[in-house]
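# Report on the structure
Each chain, written out:
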Amino acid sequence: MNQSFLPDPKNDERFNQFETNRLFKIIDTILDNSYPNIAFFENLFGVSRRTIQDDIHYLRKKMGFPIFYHRYRKGYYFDDYVTLMPPKRLYEADLLTLLLLRKHLMAYRSTGVGQEILRVFDSILGPIPTTKRWKELDAVVVYREEAEPIAPEEEFITLKAILSAIRNKKTLSILYHDPEIKPDYRDIEPHLLAMRRGRWHLYAFDCFTRKMRTFAIGKILGVMQTQKEFRFTLPVHPESLLDHSFGSVVKDGMPEEVVINFSPRVAELIRQNVWHPKQTLEPLEDGGMRFSLKLNSFSEIIPWILSWGADATVIAPAKLIKEVSETLEQALMPYAKHQRKQHS
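Residues numbered from 1 in each chain as written. Predicted model: local features only at pLDDT ≥ 70, side-chain atom pairs only at ≥ 80, totals over all residues. Heavy atoms only, no water.

## Things to note about the confidence of the model for the chain
For the chain, the average pLDDT comes to 82, and 85% of its residues sit at 70 or higher. Within the model, pLDDT remains below 50 along residues 1–15, and this stretch shows 56 contacts once partners closer than five positions in the same chain are excluded. (pLDDT = per-residue confidence, 0-100. Contact = heavy atoms within 4.5 Å.)

Printed below as a string of structure tokens:
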């Protein structure tokens with residue numbers, strides 16, 4: 001994949017505005033897959049053959065565009081995917097947006113995927129981070145994620161294999177490690193990749209259980225694409241797949257209504273954030289806030305509830321109340337033992 005900026009006439013003595021526009025038109029014409037030749041460009045621009053040859057040479061050698069000549073079609077074409085980003089004046093709001101985006105990506109620099117994304121992003125930015133205004137903004141803007149994920153280089157290789165299988169609708173054979181059971185091989189039909197807080201997950205049809213499952217990419221120890229094709233497609237839009245998930249876990253079964261009351265002390269913070277696209281909020285008489293949504297798995301919302309301490313109280317369903325209560329009791333046990341030792 002090639003992503004390039006064309007030269008800015010203010011910074012490149014070789015090009016004036018007319019010549020820069022000509023380069024844009026050459027690239028646009030080649031992108032049309034019409035296999036234009038030098039004679040075509042001569043007539044189009046009213047310039048000499050040598051000028052067009054120089055332009056194409058510049059695009060190849062200086063700008064890195066993969067321009068090749070097709071012997072049989074007798075014209076030029078790109079042998080790789082190309083996107084074109086014209087020169088643009090960047091205002092302070094533009095620079096701040098790019099800076100914040102790069103700082104966000106930096107949180108994933110310890111992962112193979114994150115390193116590749118940063119490499120591509122930096123190639124698009126070009127010399128922008130070396131400018132004085134960028135450095136001034138970088139010195140006064142701090143961006144920090146809750147946690148920076150760490151993943152081995154093999155994760156990126158696994159992701160590429162999965163993407164290939166999704167595109168080609170080929171079944172995968174994976175070696176999956178779940179802490180509760182021994183690593184085992186299973187055949188899956190991959191459908192969707194999703195990332196949450198830097199962790200990649202795969203939504204796939206498990207050929208053994210005959211159900212849709214969520215697989216953590218970090219737990220896939222090995223992957224091999226088979227020659228077996230599948231035709232099954234997701235019955236819902238990919239975004240709808242997570243309608244009843246608080247994070248990335250997708251499970252079968254009817255969703256249950258989850259209701260949580262938050263104290264007046266944190267009510268404003270709850271109101272100011274979208275914690276889930278399908279959430280509903282209702283002010284309480286005491287100044288608190290009622291938070292409701294439908295979920296078919298509680299594993300990801302329980303840690304979130306506990307993070308609010310005494311400011312969050314689960315009202316429904318009974319199963320979730322029981323799980324939160326038991327978790328709190330288990331968390332208190334070490335502290336209770338410690339207090340007994342101190343008083344003995």
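After that view of the structure, there is still more to cover.
## Re the sheet that holds strand β12 (residues 289–295)
One open sheet holds the four strands; their spatial order is β11-β12-β10-β13, and the pairing between them is antiparallel. Unpaired on one side and paired on the other, β11 (280–283) and β13 (312–316) mark the two borders of the sheet. Sheet twist, expressed as the mean angle between neighbouring strand axes with direction ignored, is 25°. Two strands pair when backbone bridges link them, and strand β10 (residues 256–262) and β12 are joined in this way by seven bridges, in the antiparallel orientation. Its bridge partner being in β12, Asn261 is matched across the sheet by Arg290. (Pairing = 2+ DSSP bridges. Helix = DSSP H or I, 4+ residues; strand = E, 2+ residues; numbered from the N terminus. Axes fitted to C-alpha atoms, helices over the stretch in contact; angles between N-to-C directions.)

## What about the pattern of salt bridges?
This model, assessed by the stated rule, comprises 11 salt bridges. Here Asp122 and Arg102 are joined by a salt bridge, their closest N and O atoms 2.8 Å apart. Of this pair, Asp122 sits in helix α5 (residues 112–125) while Arg102 sits in helix α4 (residues 92–106), and the two are 20 residues apart along the sequence. Since its relative accessible area comes to 28%, Asp122 is described here as partly exposed. (Salt bridge = Lys/Arg side-chain N within 4 Å of Asp/Glu carboxyl O. Buried < 20%, exposed > 50% of the residue type's maximum accessible area, 1.4 Å probe, protein only.)

## What about the environment of Leu306?
Secondary-structure assignment places Leu306 in helix α9 (residues 301–307). A relative accessible area of 30% means that Leu306 is categorised as partly exposed. A sequence separation of 19 residues divides Leu306 from Ser325, and the C-alpha atoms of the two residues are 10.0 Å apart. The contacts of Leu306, once residues within four sequence positions are left out, are Val324, Thr327 and Leu328.

## Observations concerning the nonpolar core
Grouped together as the largest cluster of nonpolar side chains are 21 residues, with contacts concentrated most on Val258, Ile260, Phe262, Ile301, Trp304, Ile305 and Leu320. In contact with Trp304, not counting residues within four places along its chain, are Phe246, Ile260, Phe262, Ile270, Trp275 and Phe291. (Core = buried A, V, L, I, M, F, W, Y, C linked by side-chain atoms within 4.5 Å.)

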